[in-house]
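Overview (structure and organization)
In case you want the letters, here they are:
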Amino acid sequence: MKQGRTLYGGLRSLARELEKPEWAGARYTILLDENTFQLCLPQLISQVEALQEAEFIEVPAGEECKSLEVAAQVWQTLLEGGADRNAVIVNLGGGSVCDLGGFVAAAYKRGLRHINLPTTLLAMVDAAIGGKTAVDFGDVKNSLGFFHPATLTVIDQAFCDTLSDPQRLCGLVEAVKTAAVADPALYRQIIATSTLSAADVRQVVRLKRRIVQADPYDLGIRRILNFGHTFGHAIEVHSHLPHGISVGIGMAAAMYLSTKKLGLDREAYLSYFKWLTGRIDLPRFTLKDTEAMLPLMHQDKKSADGELRCVLLQEPGAAVIDLPVSDHEVRDALLQLGKAQQGGSR
Ligand SMILES: NC(=O)c1ccc[n+]([C@@H]2O[C@H](COP(=O)([O-])OP(=O)(O)OC[C@H]3O[C@@H](n4cnc5c(N)ncnc54)[C@H](O)[C@@H]3O)[C@@H](O)[C@H]2O)c1
Ligand SMILES: [Zn+2]
């Protein structure tokens, strides 16, 4: 799988790019939601001449757009508009719009080009990179999808100006995740400063691209990027918390287990725990919660042969994939989270 290019020069670099011959004859359809329609489309149209005549399709904001029904509506609109293989889907939104738009592009006429213009920090450092597209189906997140890399991803951090603090935190968490498994110095720096400079965003994207390059189809090493996600997906579905926040809590649970199973330094766990709990209140899970979350975790795609498997850390920068974890260990990790915050960590 060939990864597309990533441009870091914002909308100006997109404007220059779309003047190139490879985009001649392209018919652009911009996919957006009500928020990016209001907050992001004006800048895009004013700065990128090639998109001034583009069609646009509005989809529901957030995870709600990641459904087969919404994808079908977009395909229908494309068909009715006579879209052929010169059509290019431009995803103007967060991870949800990028996931949906990539999915739509992958299937329509056996694959259209698409451009990701991520408008959330999470999408810039994670969702818009790496070629995974998906919708949710049968109550299982990301259960339908294709590997279909965006031809182009353009990072413009000016879009982050309108994000709320929780949205920003979600992006920071995914950056922490990538750094935790691939760049210990950057990991420590982000935990210490809680900010991402343009250079940091670029570095996180580079790290992710390097990992994806080594294992584009997620058969081995790429799975280190699932750190915190087996717990995180279950928390997201069970507690209805945003993806990034859920993954942040999932990483706390995974680090706790890492101290028990892989000898992760307790200080490393505690410094992460302190960082996270300085920003959010951890849910106080009960046994009823853990019993509802366990099946969700078993359903997760990381579960093989009925045995739950997780990514854990030996130390920042050294992750181990596919580590078997028992139901008892999952309960322990989840139950101790809220208690640990109340008691100043265990
Ligand atoms: N494909 C991948 O590799 C990958 C990786 C990580 C996450 N994801 C997916 O990404 C999704 C989460 O993405 P997300 O966190 O970006 O959230 P999101 O796309 O669901 O957007 C959250 C909210 O932010 C709003 N928003 C978007 N841009 C904004 C802006 N500039 N200012 C103000 N509000 C804005 C949206 O309208 C929406 O209401 C999940 O579905 C997750 O599964 C995919
Ligand atoms: Zn994620």
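**Re the overall build of the protein chain**
In terms of regular secondary structure, the protein chain is built from 14 helices and ten strands. Relative to the compact-globule value of 20 Å for 346 residues, the protein chain shows a C-alpha radius of gyration of 20 Å, a close match. Here the C-alpha coordinates of the protein chain stretch approximately 60 × 40 × 35 Å along the principal axes. A separation threshold of at least 6 residues defines the contact pool for the protein chain, and within that pool the share at least 24 residues apart is 73%.

**Focus: the pairing of strand β4 (residues 87-93)**
Along β4, seven of the seven residues are buried, which leaves the element largely enclosed by surrounding structure. Residues Ala-87, Ile-89, Asn-91 and Gly-93 line one face of β4 and the alternating positions Val-88, Val-90 and Leu-92 line the opposite face, and both faces are buried. Taken together, the five bridges between strand β2 (residues 27-33) and β4 define a ladder with parallel strand orientation. Counted as the bridge partner of Thr-29 is Ile-89 from β4. Direction of pairing for β4 relative to strand β5 (residues 113-118): parallel, over a ladder of six bridges. By the bridge assignment for β5, Val-88 is matched with Arg-113.

**As for the sheet that holds strand β8 (residues 152-154)**
Hydrogen bonding along the main chain pairs the strands of a sheet, whether they run parallel or antiparallel. Reading across from one edge, β1-β8-β5-β4-β2-β3 is the order of the six strands in this open sheet, with parallel pairing throughout. The open sheet has two free edges, formed respectively by β1 (5-7) and β3 (55-59), since each of these has just one partner strand. Between one strand axis and the next, the sheet turns through 20° on average, direction left out of account. Its contacts with the sheet put helix α4 (residues 68-80) on β2, β3 and β4, and the angle it makes with β3 is roughly 160°.

**Observations regarding the domain arrangement of the protein chain**
When its domains are assigned, the protein chain resolves into domain 1 (5-162) and domain 2 (165-342). Taken together, the 17 residues of domain 1 in the interface contact 23 residues of domain 2. At the level of secondary structure, the elements contributing two or more residues to the side of domain 1 that touches domain 2 comprise α6 (121-127) and β7 (140-144). Residues that form the side of domain 1 that touches domain 2 fall into these classes: ten nonpolar, five polar and two charged.

**As for the site of ligand 1**
Around ligand 1, the surrounding shell holds 31 residues, and the nearest of these are Asn-35, Gly-94, Gly-95, Ser-96 and Thr-120. Listed by contribution, the elements that provide at least two residues to the shell around ligand 1 are α2 (34-39), α5 (95-107), α6, α7 (165-182) and α11 (243-261). When residues of the shell around ligand 1 are sorted by domain, at least three fall in each of domain 1 (5-162) and domain 2 (165-342).

**Examining the packing of α7 against helix α8 (residues 184-193)**
It is the contact of α7 with α8, at a shortest axis distance of 7 Å, that shows an interaxial angle of 150°. Our classification of the angle between α7 and α8 gives roughly antiparallel. For the pair α7 and α8, the crossing hand works out as left-handed. Packed against α7, whose contacting residues are Leu-172, Ala-175, Val-176, Ala-179 and Ala-180, the element α8 presents Leu-186, Tyr-187, Ile-190 and Ile-191 at the interface.

**Some points on the environment of Lys-208**
Its place among the elements puts Lys-208 in helix α9 (residues 198-214). For Lys-208, a count of 23 C-beta atoms within 10 Å corresponds to the buried category. Sequence separation of Lys-208 and Tyr-8 is 200 residues, and the distance between their C-alpha atoms is 15 Å. Apart from residues no more than four positions distant in its own chain, Lys-208 is found in contact with Asp-126, Ile-129, Gly-130, Thr-178 and Leu-225.

About the criteria used
- Residues numbered from 1 in each chain as written.
- Chains lettered and ligands numbered in written order.
- Predicted model: local features only at pLDDT ≥ 70, side-chain atom pairs only at ≥ 80, totals over all residues.
- Helix = DSSP H or I, 4+ residues; strand = E, 2+ residues; numbered from the N terminus.
- Rg over C-alpha atoms; globule rule 2.2 N^0.38 Å.
- Contact = placed C-beta atoms within 7 Å.
- Buried ≥ 20, exposed ≤ 12 C-beta atoms within 10 Å, placed from the backbone.
- Pairing = 2+ DSSP bridges.
- Axes fitted to C-alpha atoms, helices over the stretch in contact; angles between N-to-C directions.
- Domains from an automatic or database assignment.
- Nonpolar A, V, L, I, M, F, W, Y, C, P; charged D, E, K, R; others polar.
- Near = placed C-beta within 6 Å.
- Parallel < 35°, antiparallel > 145°, perpendicular 65-115°, else oblique.
- Left-handed = near helix turned anticlockwise from the far one by under 90°.

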